[in-house]
Amino acid sequence: MRLVFAGTPEVAVPALEALHASSHEVVAVVTRPDARSGRGRTVAQSPVRSWAQDHDVEALTPAIPRDPAFLDRLRELAPDACPVVAYGALVPRVALDIPTHGWVNLHFSLLPAWRGAAPVQHAVMAGDEVTGASTFLIEEGLDTGPVYGVMTERVRPTDTTGDLLGRLAEGGAGLLVATMDGIEDGSLQPVPQSSDGVSLAPKLDVADARVRWELPAVAVDRLVRGCTPAPGAWTTFRGERLKLAPVSPEQGDAVAQVPHLAPGELHAGKRDVWVGTATTPVRLTQVRPHGKKEMAAADWARGVRITPGERLDDGGAA
């Protein structure tokens, strides 16, 4: 089939690579316009556009998919289908109707669970033991279209969103190719989603990633892993933001040696730094103080000289 692929971030590239290597023809890509990113706020093109440039594939970058010039070019390309992975913009009906077989999205959840922009983050934060990916026909509702196929993936106890998303991107690439194959030969028909088990996964912002130490240790652990690498878990210390790498909710002898700590209260040993929660303390691994590079928590603690009873998130500025 003639395909126009829509996607923007790095997580979309494995599927694009797999489609390019398949029996189908990727005649163009649709991706978000160049944008400022990084600490220097330099203008950069999306990973999908970079891939297209490297492979001499046409890249379309409409500000909005309703743009008349974009719609005209899409009609000229006459795609059989438009596979989508993390494109980042809502596709209007006028664009949905152009390809013969519509726009088919690879979504990183087992629909109807976790519809929305951040399915993997929410799966990790909720403590799901199994998640996966789904391919579905896009309609005007939010991830509500009928499903072509699914794959499952176990959520490991130490998975961050980045870890899990990496595996889903690779496994989902094969699922998307298989879906295109099934659409082409007529062996796949989309099945309407169940009305049971619907959950929503809205985009997480920086405020959502602030650690609440009054939660149980297991919830703190899940929140930090779910927000890694983005938007990045954080707390405050002496009024300044402190970014956190995944914490370690230790059990047994290690935590038994730690004195009782109130939520957010710090305890620095020779090699470990502990923080109190609503249940057992968690051990900090790596931290990034404001304006500095990431460092081992023990090194940070020695530098700031934590005083007895001092706490994280003690009412300091966000």
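Below is a summary of the structure that appears in this document. All values reported here derive from a predicted model rather than from experimental measurement.

### Quick notes on a nonpolar patch on the surface
Next up, step 1: Judged by side-chain polarity, Leu142, Val198 and Leu200 come together as a nonpolar surface patch covering roughly 280 Å² of accessible area.
Next up, step 2: Structurally, Leu142 can be placed in the loop between strand S8 (130-137) and strand S9 (147-154).

### Some remarks on the environment of Pro146
Next up, step 1: The topology assignment puts Pro146 in the loop between S8 and S9.
Next up, step 2: Note: C-alpha distance between Pro146 and Ala113 (33 residues apart in sequence) is 13 Å.

### Some words on the sheet that holds strand S16 (residues 295-296)
Next up, step 1: Pairing within the open sheet is antiparallel, and its four strands lie in the order S10-S11-S15-S16. Each edge of the open sheet carries a strand with a single partner, namely strand S10 (234-237) and S16.
Next up, step 2: Across four bridges, S10 lies against strand S11 (residues 240-244) in antiparallel orientation. When the bridges of S11 are listed, Trp234 appears paired with Lys243.

### Here we look at the pairing of S10
Next up, step 1: Side chains Trp234 and Thr236 of S10 all project onto a buried face; the interleaved residues Thr235 and Phe237 project onto the opposite face, where all are buried too.
Next up, step 2: Following S10, the chain reverses through two residues before pairing antiparallel with S11; Arg238 in that reversal takes a positive phi of roughly 50 degrees.

### Quick notes on the nonpolar core
One broad trend across soluble globular proteins is that nonpolar side chains are buried collectively.
Next up, step 1: If you look at the biggest cluster of nonpolar residues, it comprises 35 residues, and the most contacted ones within it are Phe5, Phe108, Leu176 and Met180.
Next up, step 2: The element that contributes the greatest number of residues to this core is helix H6 (residues 161-185), accounting for nine residues.
Next up, step 3: With residues up to four places along the chain from it excluded, the contact list for Phe5 reads Ala12, Ala15, Leu16, Leu19, Val26, Ala28, Val29, Val30, Val48, Pro83, Val85 and Leu176.

### Section: the packing of helix H1 (residues 13-21) against helix H2 (residues 47-54)
Next up, step 1: Across the interface, H1 lies against H2 with an axial gap of 10 Å and an inter-helix angle of 30 degrees. Taken together, the axis directions place H1 and H2 in an arrangement best described as roughly parallel. Classified by chirality, the crossing of H2 by H1 is right-handed. Residues Val13, Leu16, Glu17 and His20 of H1 form the contact with H2, whose own contacting residues are Pro47, Val48 and Trp51.
Next up, step 2: For the contact of H1 with H2, a count of residues per class yields five nonpolar, one polar and one charged.

### Remarks on unusual backbone geometry
Next up, step 1: The peptide bond linking Thr228 to Pro229 adopts the cis configuration, its omega dihedral lying at 10 degrees.
Next up, step 2: Looking along the chain, the bond that leaves Ala230 and enters Pro231 is cis, with omega of 5 degrees.
Next up, step 3: Checked against the element boundaries, Pro231 lands in the loop between helix H7 (217-226) and S10.
Next up, step 4: Of note in this structure, Asp56 is not a glycine but carries a positive phi near 55 degrees.
Next up, step 5: Following the sequence through the fold, Asp56 ends up in the loop between H2 and strand S5 (58-60).

Analysis parameters
- Residues numbered from 1 in each chain as written.
- Predicted model: local features only at pLDDT ≥ 70, side-chain atom pairs only at ≥ 80, totals over all residues.
- Heavy atoms only, no water.
- Patch = residues over 30% accessible without salt bridge, like charges linked within 9 Å, V, L, I, M, F, W, Y side chains within 5 Å.
- Areas by Shrake-Rupley, 256 points an atom, 1.4 Å probe, with all protein chains shown as cover.
- Salt bridge = Lys/Arg side-chain N within 4 Å of Asp/Glu carboxyl O.
- Helix = DSSP H or I, 4+ residues; strand = E, 2+ residues; numbered from the N terminus.
- Pairing = 2+ DSSP bridges.
- Buried < 20%, exposed > 50% of the residue type's maximum accessible area, 1.4 Å probe, protein only.
- Core = buried A, V, L, I, M, F, W, Y, C linked by side-chain atoms within 4.5 Å.
- Contact = heavy atoms within 4.5 Å.
- Axes fitted to C-alpha atoms, helices over the stretch in contact; angles between N-to-C directions.
- Parallel < 35°, antiparallel > 145°, perpendicular 65-115°, else oblique.
- Left-handed = near helix turned anticlockwise from the far one by under 90°.
- Nonpolar A, V, L, I, M, F, W, Y, C, P; charged D, E, K, R; others polar.

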